[in-house]
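Summary of the model geometry
Okay, here's what each chain looks like letter by letter:
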Amino acid sequence: MLKKETGYLCLFWNDILQHCNKVSIDLQSKSNDILKAVNLLKSLKNVVSSLRDSNMVYERRVGEFCSQISIMYKDENKRKIIKKFPDGNNKTLTALSGIDKFRVETHHVIVDKFCSELDKRINAYTVVVENFLFLTRLHVESTIDVEESVNKFISVYKDDVDDSIKYEIVHFKQFWDQLKPTFDGSDVLKIFEWMTECNIINIFPNIHITLRIYLTISVANCTAERAFSKLARIKNKNRSSQTQDNLSSLMILSTENDVLQNLSFDKTLETFATQKARKKTFT
């Protein structure tokens, strides 16, 4: 625990994971959407990338972190290897050691691998964002990229909307310019709520369907993963003969626990007690 490598990595990972935790919490919020997720992941990647050349900063912080931590890396005291060749020549093998080895083989590897994995997630989200780009620009004049986004969306969701959405977008822009709402026109959730308040869903049905599709796309699968984790606790050896209906009901109760806490079961318990009561009333 008092190795220099251990102290270095504690400080380094602490800085990375603090930013990751904040982004992860926001990605799991109900108000988040795909576009915001992409921007958050890109900003996180920029933060982590900026740490690639900060090894000297952590070198200094390790010394300030704890006075008992070793001041040298574990391989700095290793003897040099002298290799003998058949012709009688001796050659000292030179290799990276100490700070240089840790920087190249550990520090840079962590940053590069982390950014590589973030790129995979960003690219996956970006494909979806390209199809819905026009939703964030319903309040401004159309551009080439917006028109391409509309065409991509129609081709992907041809069973949900039709080509008339192009005319609805033009109509929507005119309607927006006349009312001039005070909120940001790139906020998709606010547009969806505003259309409901103004009762204009029947006027722009295709846009409303598009908004619903966009807002129901899951940004993270953490909720589903937690549900599977709870399943292992619910379906244990003491419930091996459980029916599928009961198992599904228990899963719903466990998953929606936050809603369950606010419900009153007085009438349910009263009904259950009446049905199971052994006492009979004689008239």
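First, a word on what this report is: a plain description of the structure on this page. All figures in this text were calculated on a predicted structure; none of them were measured in a lab.

Judged by nonpolar contacts, the single largest core of 53 residues is most densely connected at Phe134, Phe172, Met195 and Ile207. Broken down by secondary-structure element, the contributors of at least two residues to this core are helix H1 (4-27), helix H2 (34-49), helix H3 (55-65), helix H4 (98-131), helix H5 (144-156), helix H6 (165-179), helix H7 (188-198) and helix H8 (205-216). With sequence-adjacent residues up to four places away left out, Ile207 is seen in contact with Leu138, Ile165, Glu168, Ile169, Phe172 and Met195.

Moving on to the pattern of salt bridges. This model, assessed by the stated rule, comprises eight salt bridges. We note a salt bridge from Asp112 to Arg52, for which the minimum N-O separation is 2.9 Å. One end of the pair, Asp112, is in helix H4; the other, Arg52, is in the loop between H2 and H3, with 60 residues separating them in the sequence. Judged by relative accessible area, which is 36%, Asp112 ranks as partly exposed. Given a relative accessible area of 29%, Arg52 falls into the partly exposed group. The partner of Lys152 in a salt bridge is Glu130, with the nearest N and O atoms 3.5 Å apart. Taken together, the residues span a long stretch of sequence, with Lys152 in helix H5 and Glu130 in helix H4 at a distance of 22 residues. Given a relative accessible area of 36%, Lys152 falls into the partly exposed group. With a relative accessible area of 38%, Glu130 lands in the partly exposed category.

Relative to the helices and strands, Thr136 resides in the loop between H4 and H5. For Thr136, a relative accessible area of 10% corresponds to the buried category. There is a polar contact of 2.8 Å between the side chain of Thr136 and the backbone oxygen of Leu133. Excluding anything up to four places from it in sequence, Thr136 contacts Leu35, Gly185, Ser186 and Val188.

As for its position among the elements, Phe228 is in helix H9 (residues 222-234). Judged by its relative accessible area of 59%, Phe228 is exposed. Sequence separation of Phe228 and Thr255 is 27 residues, and the distance between their C-alpha atoms is 9.7 Å.

Contact geometry for H5 and H6: axes closest at 11 Å, N-to-C directions at 140°. Relative to H6, H5 is oriented oblique. Relative to H6, the crossing made by H5 is right-handed. In this structure, H5 uses Val150, Asn151, Phe153 and Ile154 to contact H6, whose residues at the interface are Ile165, Lys166 and Ile169. Its residues placed into classes, the contact of H5 with H6 shows five nonpolar, one polar and one charged.

Take the packing of aromatic side chains next. A complete count under the given rule lists 16 aromatic pairs for this structure. Seen from their ring centres, Phe132 and Tyr157 are 5.7 Å apart, and the 55° between their planes marks the pair as tilted. Taken together, the positions of Phe132 in the loop between H4 and H5 and Tyr157 in the loop between H5 and H6 put the pair 25 residues apart, joining distant regions of the chain. Ring centres 5.5 Å apart and planes at 65° place the aromatic pair Phe134 and Phe153 in the edge-to-face group. In this pair, Phe134 is assigned in the loop between H4 and H5 and Phe153 in helix H5, connecting sequence segments 19 residues apart. Accessibility classification places Phe134 together with Phe153 in one group, the buried group.

Rules behind the numbers
- Residues numbered from 1 in each chain as written.
- Predicted model: local features only at pLDDT ≥ 70, side-chain atom pairs only at ≥ 80, totals over all residues.
- Heavy atoms only, no water.
- Core = buried A, V, L, I, M, F, W, Y, C linked by side-chain atoms within 4.5 Å.
- Buried < 20%, exposed > 50% of the residue type's maximum accessible area, 1.4 Å probe, protein only.
- Helix = DSSP H or I, 4+ residues; strand = E, 2+ residues; numbered from the N terminus.
- Contact = heavy atoms within 4.5 Å.
- Salt bridge = Lys/Arg side-chain N within 4 Å of Asp/Glu carboxyl O.
- Polar contact = N/O pair within 3.5 Å; in protein donor to acceptor, adjacent residues only side chain to side chain.
- Axes fitted to C-alpha atoms, helices over the stretch in contact; angles between N-to-C directions.
- Parallel < 35°, antiparallel > 145°, perpendicular 65-115°, else oblique.
- Left-handed = near helix turned anticlockwise from the far one by under 90°.
- Nonpolar A, V, L, I, M, F, W, Y, C, P; charged D, E, K, R; others polar.
- Phe/Tyr/Trp six-rings, centres within 6.5 Å; stacked < 30°, edge-to-face > 60°.

Interpretation in functional terms is not warranted from these geometric data alone.
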